[in-house]
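Each chain, written out:
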Amino acid sequence: MNNIAAVLLLNMDLEPAFIGFANLINRSILMNFFALRLDKINQYYKLFQYFFSENLPKLCNHFREIDLTPKFYLMQWILSLFSNSLPLDISSRIWDVYLMDGDVFLFRAALGLLKYFESHLMTFNDFTEAAQFFNKLPDDIDCDRLFDLIKSISVSRSKFKKFCDKFIENS
């Protein structure tokens, strides 16, 4: 939460930053993660896993082999809107698109980030190596390449909404 507040305060005065923060945390996915509604968070993980296996099947299978589940990286990315893991200029671009496209973009951005590092992630032989990598991502990320990869990710807004309506919002 503090990273989101910090980014807002870097870009606006106190009162608009507070209003912006309140509006952000009232978005469905953020509210569920901030409130630690584990039943709903687990449903988001299942949904992410579905799109992960559709978009990056080899990496998804590799993560299964080393027992690396989305809870080890996705929560941190969502709770900070990527500002804790990525350079400010890149996380700011992610915020811009997220504010326009909604919650589904967080999944597309996460999958794009995994795709960006796919060849490197495939070299990890165990959970510990991968978990350490996610604790501190490299700073030398090519923003244009990352956003090209994010654009290439196929996450259907209608499937995302349908799943959220059925399994997350009504549980």
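Residues numbered from 1 in each chain as written. Predicted model: local features only at pLDDT ≥ 70, side-chain atom pairs only at ≥ 80, totals over all residues. Heavy atoms only, no water.

S.K.: Got a minute to help me understand the overall build of the protein chain in this structure?
M.R.: In terms of regular secondary structure, the protein chain is built from 12 helices and zero strands. Scanning the protein chain from its N terminus toward the C terminus, one meets helices and strands in the order α-α-α-α-α-α-α-α-α-α-α-α. Radius of gyration (C-alpha) of the protein chain: 16 Å, near the 16 Å computed for a compact globule of 171 residues. On the principal axes, the C-alpha backbone points of the protein chain span a range of 50 × 40 × 30 Å. Evaluated residue by residue, the protein chain yields a buried proportion of 47% over its 171 residues. Counting only contacts in the protein chain whose residues sit at least 6 apart along the sequence, the fraction spanning at least 24 positions is 74%. When the accessible surface of the protein chain is totalled, it reaches about 8900 Å², and 55% of it is carbon and sulfur. (Helix = DSSP H or I, 4+ residues; strand = E, 2+ residues; numbered from the N terminus. Rg over C-alpha atoms; globule rule 2.2 N^0.38 Å. Buried < 20%, exposed > 50% of the residue type's maximum accessible area, 1.4 Å probe, protein only. Contact = heavy atoms within 4.5 Å. Areas by Shrake-Rupley, 256 points an atom, 1.4 Å probe, with all protein chains shown as cover.)

S.K.: Is there a simple way to explain the state of the cysteines in this structure?
M.R.: Two cysteines form a disulfide when their sulfur atoms are joined by a covalent bond. Using the criterion set out here, one finds zero disulfides in the structure. Take Cys-164: it sits in no disulfide, and the sulfur closest to it among the cysteines is that of Cys-60, at 18 Å. (Disulfide = S-S within 2.5 Å.)

S.K.: Where do I start with the packing of helix α4 (residues 38-55) against helix α8 (residues 104-116) in this structure?
M.R.: Two numbers describe a pair of packed helices, the interaxial angle and the distance between the axes. Across the interface, α4 lies against α8 with an axial gap of 11 Å and an inter-helix angle of 50°. For the element pair α4 / α8, the angle class is oblique. The hand of the α4/α8 crossing is right-handed. Within the contact between the two elements, α4 uses Tyr-44, Leu-47, Phe-48, Phe-51, Phe-52 and Asn-55 and α8 uses Phe-107, Ala-110, Leu-111 and Leu-114. (Axes fitted to C-alpha atoms, helices over the stretch in contact; angles between N-to-C directions. Parallel < 35°, antiparallel > 145°, perpendicular 65-115°, else oblique. Left-handed = near helix turned anticlockwise from the far one by under 90°.)

S.K.: Before we go on, may I ask you to explain the packing of aromatic side chains in this structure?
M.R.: By the definition in use, this model includes 20 aromatic pairs. Judged by centre distance (5.9 Å) and plane angle (70°), the ring pair of Phe-63 and Tyr-73 falls under edge-to-face. Of this pair, Phe-63 sits in helix α5 (residues 57-65) while Tyr-73 sits in the loop between α5 and α6 (74-79); the two residues are 10 residues apart in sequence, bridging distant segments of the chain. On the basis of relative accessible area, Tyr-73 is assigned to the buried category, the value being 0%. Consider the rings of Tyr-73 and Phe-134, whose centres lie 4.8 Å apart with planes at 25°: the pair is stacked. Linking Tyr-73 in the loop between α5 and α6 with Phe-134 in helix α10 (residues 127-135), this pair joins segments that are 61 residues apart in sequence. Positioned above the aromatic ring of Tyr-116, the side-chain terminus of Arg-145 is 4.3 Å from the ring centre. (Phe/Tyr/Trp six-rings, centres within 6.5 Å; stacked < 30°, edge-to-face > 60°. Lys NZ or Arg CZ within 6 Å of the ring centre and 35° of its normal.)

S.K.: Got a minute to help me understand the environment of Met-100 in this structure?
M.R.: Along the chain, the position of Met-100 falls in helix α7 (residues 88-101). The exposed category is assigned to Met-100, whose relative accessible area is 72%. For the pair Met-100 and Pro-16, spaced 84 residues apart in sequence, the C-alpha separation works out to 18 Å.

S.K.: Got a minute to help me understand the packing of α4 against helix α12 (residues 157-168) in this structure?
M.R.: As a packed pair, α4 and α12 sit with axes 10 Å apart at the nearest point and diverge in direction by 150°. Taken together, the axes of α4 and α12 lie roughly antiparallel to each other. The crossing of α4 and α12 is right-handed. Packed against α4, whose contacting residues are Lys-40, Gln-43, Tyr-44, Leu-47, Tyr-50, Phe-51 and Glu-54, the element α12 presents Lys-159, Phe-160, Phe-163, Cys-164, Phe-167 and Ile-168 at the interface. Split by residue class, the contact of α4 with α12 holds nine nonpolar, one polar and three charged. (Nonpolar A, V, L, I, M, F, W, Y, C, P; charged D, E, K, R; others polar.)

S.K.: How do you make sense of the pattern of salt bridges when you look at a structure like this?
M.R.: Close approach of charged atoms allows side chains with opposite charge to pair. A complete count under the given rule lists six salt bridges for this structure. Two residues, Asp-139 and Lys-136, come together in a salt bridge whose shortest N-O distance is 3.1 Å. (Salt bridge = Lys/Arg side-chain N within 4 Å of Asp/Glu carboxyl O.)

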